[in-house]
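# Structural overview
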Amino acid sequence: MNKVKFDISYTFDAIPRLLEGAFVTLQVAILGFTLSVLLATTITVARTSLNSKIFNSILAFYISFIRGTPILVQIFLVYYVLPVFGLNLGPFTAGIIAITLNSAAFVTEILRGGLASVPIGQFEAAKSLGISGYALWRKIILPQTFITSIPPLVNEFTMVLKATALLSMITVVELMRVSQQIYSANYHPVEVLSGTFVIYFLMCFVVSRSSVFLENRFIVKRAR
Amino acid sequence: MTSNFLELKGLYKTFDNITALNNVSLNVSKGEVIFIIGPSGCGKSTLLRAVNWLTPPDKGEVWLEGNLVGSSSSKLTIKEAKLLNNLRAKMGMVFQQFNVWPHLNVLENVVRPQLVVAKRNKANAESKALKILDEVSLHNKIDEWPDHLSGGQKQRLAIARALAMDPILMLLDEPTSALDPELVGEVLIVLKRLVNNGMTMLIVTHELGFASEFGDRLLFMDGGEIIEEGSPKKILTMPKTKRLKMFLKKLDITSFKH
């Protein structure tokens, strides 16, 4: 058998299309993560203010379900189950829903930790001044929760970014799917996937580094 | 309705079988400065926190200027919650652990509640904040983050934050207990100015010297009850009950005052 030669020109040729795919990847990741943070924030506030056993049990069930099953199964489930209920969403929307539901479970856990680090006195000081309800959370508690949660949240975003590759399985034309399309036409998977590999890495690298930036912006200047 | 400025009626509170307040009633006149002392766990902080309903008592009522602050620990309706917020804003509270907001700078700490609760516009809120920060000698720290401040500065910031709401009553829960001894003075200076301005105050403290100099009344609490009350000088020099005698003796030993 002949040795397969690595021809980098296939990588370069693939790059414009790969970047288009990467753009979709970023869209899915940013949209999914943003929605998951919104959902998780709502859950976190509801959990603390309702303090309801039923709500907490449902939540515990949801989180253990998400953590205890492969994300690929969750993606397929959302993709194939929703039409059963008459919801014919495209793969893009189904993918975002799956990513959101998955990530929200992890973000909820992150925010729980962040909230636990806010002393009870912070709530009390606000209440004693007449601040309660929405303003208490929006102005006093959530900013502190998010500031302490920056590093794990950034980490979760890189997890989401990487998980979007699985959406290629339900035909979302993101970076991984584009790579597959290219190499199934030119039969040069190694060259094409090398390009894909570097693009994923660069995206995640930039995101992780942004953690340092955000920490400097929000944490370091406030600390002793 | 009541003619009293602040009235506490039959407050009762238990925590896991520990009675923190056992049928405590108290009338406070406008401008009165009341100090509350007592051993740890005697209910003095619970009493203070019941006044603004931060720790709702199991039984009893609190009235401020004829308005019912609260009368049970049941869940409040939206309207009641709004009324409670307005009354709370009139009762500035200062905590042992300062509880300044670390994500806001010094100026924002004083401005934020004015915007949210008092619904002032930003310019008014800021000019008010600057004036009050000047009064507590923090005018050169307005852009600083709370975590960069000393304990004394944090407590002065907490006092400024409460004063910005134009309170008619101040509740101070051991305001100097978490401070290094050399920082106590700067907070007491601010509190003395409040006394001289005629602010009505309830102060839980161990600063007996301060209490006897500036207090109109002193309450000694133990086991969730007010055991002795009267003029601070009289009570501190001639305690009637055995419990107060023992408490004062312990304080003397620990603080080497005499």
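Residues numbered from 1 in each chain as written. Chains lettered and ligands numbered in written order. Predicted model: local features only at pLDDT ≥ 70, side-chain atom pairs only at ≥ 80, totals over all residues. Heavy atoms only, no water.

### Topic: the overall build of chain B
Stated formally: Each helix is a run of DSSP H or I of at least 4 residues and each strand a run of E of at least 2, with the numbering of both proceeding from the N terminus. All radius of gyration figures rest on C-alpha atoms, and the globule criterion is 2.2 Å times the number of residues raised to 0.38. For each residue, the accessible area found with a 1.4 Å probe, counting protein chains only, is set against the maximum for its type, and the residue is called buried under 20%, exposed over 50%, and partly exposed in between. Note on contacts: a residue pair is in contact if any heavy atoms of the two residues lie within 4.5 Å. To be clear on the numbers: accessible area is Shrake-Rupley with a 1.4 Å probe, and residue cover counts the displayed protein chains and nothing else. When charges are counted, Lys and Arg are positive and Asp and Glu negative, with His and the chain ends excluded. The atoms used to mark charge sites are NZ of Lys, CZ of Arg, CG of Asp and CD of Glu.
Along the backbone of chain B there are nine helices and 10 strands. Expected size for 258 residues packed as a compact globule is a radius of gyration near 18 Å; at 18 Å, chain B falls within 12% of this value. Counting only C-alpha atoms and orienting by the principal axes, one finds that chain B spans roughly 55 × 45 × 35 Å. Split into buried and exposed, the 258 residues of chain B put 53% on the buried side. For chain B, restricting intrachain contacts to residue pairs at least 6 apart in sequence, the fraction spanning at least 24 positions comes to 65%. In the structure as shown, chain B presents an accessible area of about 11700 Å², 51% of it carried by carbon and sulfur atoms. Side chains of chain B carry 33 positive and 28 negative charges; the gap between the two charge centres is 3 Å.

### Comments concerning the interface of chain B and chain A
Think of interface size as the accessible area that goes away when the parts come together; that is how it is often given. We count it as follows: When two parts are put together, the accessible area they lose, computed with a 1.4 Å probe and summed over both, is reported as buried area. We define a salt bridge as a side-chain nitrogen of Lys or Arg found within 4 Å of a carboxyl oxygen belonging to Asp or Glu.
Listed per partner, the contact involves 25 residues of chain B and 21 residues of chain A. When chain B packs against chain A, the two sides together hide about 2100 Å² of surface, and 57% of this comes from carbon and sulfur. Considering only the side of chain B, the residues that lose the most area to chain A are Trp-101, His-103 and Trp-145 of chain B, jointly responsible for 28% of the buried surface there. Linking chain B with chain A are one salt bridge.

### Comments concerning unusual backbone geometry
All names here are of chain B. A positive phi angle, near 55°, is found at Asn-99, a position not held by glycine. Positionally, Asn-99 belongs in the loop between strand E6 (91-94) and helix H3 (106-116). Positive phi is not limited to glycine here, since Lys-119 has a value of about 55°. Take Lys-119: its relative accessible area is 66%, and that puts it in the exposed class.

### Structural notes on the layout of surface pockets
Worth spelling out the cut-off: Grid points spaced at 1 Å over the protein atoms alone were grouped into cavities, where a 1.4 Å probe fits but cannot get out, and pockets, open sets with protein on both sides within 12 Å along at least five of seven lines, with lining residues defined by an atom within 4 Å of a point. Grid points are joined across faces, edges and corners, and a volume is the space filled by probe spheres set on the points. Amino acids are sorted into nonpolar (Ala, Val, Leu, Ile, Met, Phe, Trp, Tyr, Cys and Pro), charged (Asp, Glu, Lys and Arg) and polar (every other residue, Gly among them).
In this model, the largest pocket occupies a volume close to 1300 Å³. Around the largest pocket, the lining comprises 31 residues; the ones closest to its centre are Thr-48, Ser-49, Lys-127 and Leu-136 of chain A together with Lys-75 of chain B. Elements with a contribution of two residues or more to the lining of the largest pocket: helix H1 (8-50), helix H5 (120-128) and helix H6 (133-148) of chain A together with helix H2 (78-90) of chain B. Estimates place the volume of the second largest pocket at around 440 Å³. Forming the boundary of the second largest pocket are 20 residues, of which Pro-119 and Gln-144 of chain A together with Pro-102, His-103 and Asp-147 of chain B lie nearest the centre. Mapped onto the lining of the second largest pocket, the elements with two or more residues apiece are H6 and helix H9 (189-220) of chain A. Take the lining of the second largest pocket: its biggest share by element is three residues, from H6 of chain A. Considering only residue class, the lining of the second largest pocket consists of nine nonpolar, seven polar and four charged.

### Notes on a nonpolar patch on the surface
All names here are of chain A. Keep this limit in mind: Put simply, a patch holds well-exposed residues, over 30% relative accessible area, that have no salt bridge, with like charges counted together within 9 Å and Val, Leu, Ile, Met, Phe, Trp or Tyr side chains within 5 Å.
A grouping of Phe-61, Phe-65, Leu-77, Val-81, Val-84 and Phe-85 is seen on the molecular surface, where their side chains present a nonpolar patch of about 650 Å² in accessible area. Secondary structure elements with two or more residues in the nonpolar patch: helix H2 (53-67) and helix H3 (71-84). Of the residues forming the nonpolar patch, the biggest block, three residues, is contributed by H3. Relative to the helices and strands, Phe-65 is located in helix H2.

### Describing the pairing of strand E5 (residues 67-70) of chain B
Residues and elements named next belong to chain B. To be explicit about the condition: Should DSSP find at least two bridges between two strands, the strands are regarded as paired.
Looking at chain direction, strand E4 (residues 59-64) and E5 are connected through three bridges and run antiparallel. Bridging from a neighbouring strand, Leu-64 pairs with Asn-67 of E5. Linking E4 to E5, which pair antiparallel, is a turn of two residues; within it Glu-65 sits at a positive phi near 45°.

### Description of the packing of H1 of chain A against helix H4 (residues 91-116) of chain A
All names here are of chain A. Test applied: Here the axes come from fitting lines to C-alpha atoms, over the contacting stretch only for helices, and the angles between their N-to-C directions go from 0 to 180 degrees. For this classification, under 35 degrees means roughly parallel, over 145 means roughly antiparallel, 65 to 115 means roughly perpendicular, and everything else is oblique. Two helices that cross are described as forming a left-handed crossing if the nearer one is turned anticlockwise from the farther one by less than a right angle, and a right-handed crossing if clockwise.
Viewed as axis vectors pointing N to C, H1 and H4 meet at an angle of 45°, and their least axial separation amounts to 6 Å. As summarised for this structure, H1 and H4 are arranged oblique, according to the angle between their axes. In this structure, H1 crosses over H4, and the sense of that crossing is right-handed.

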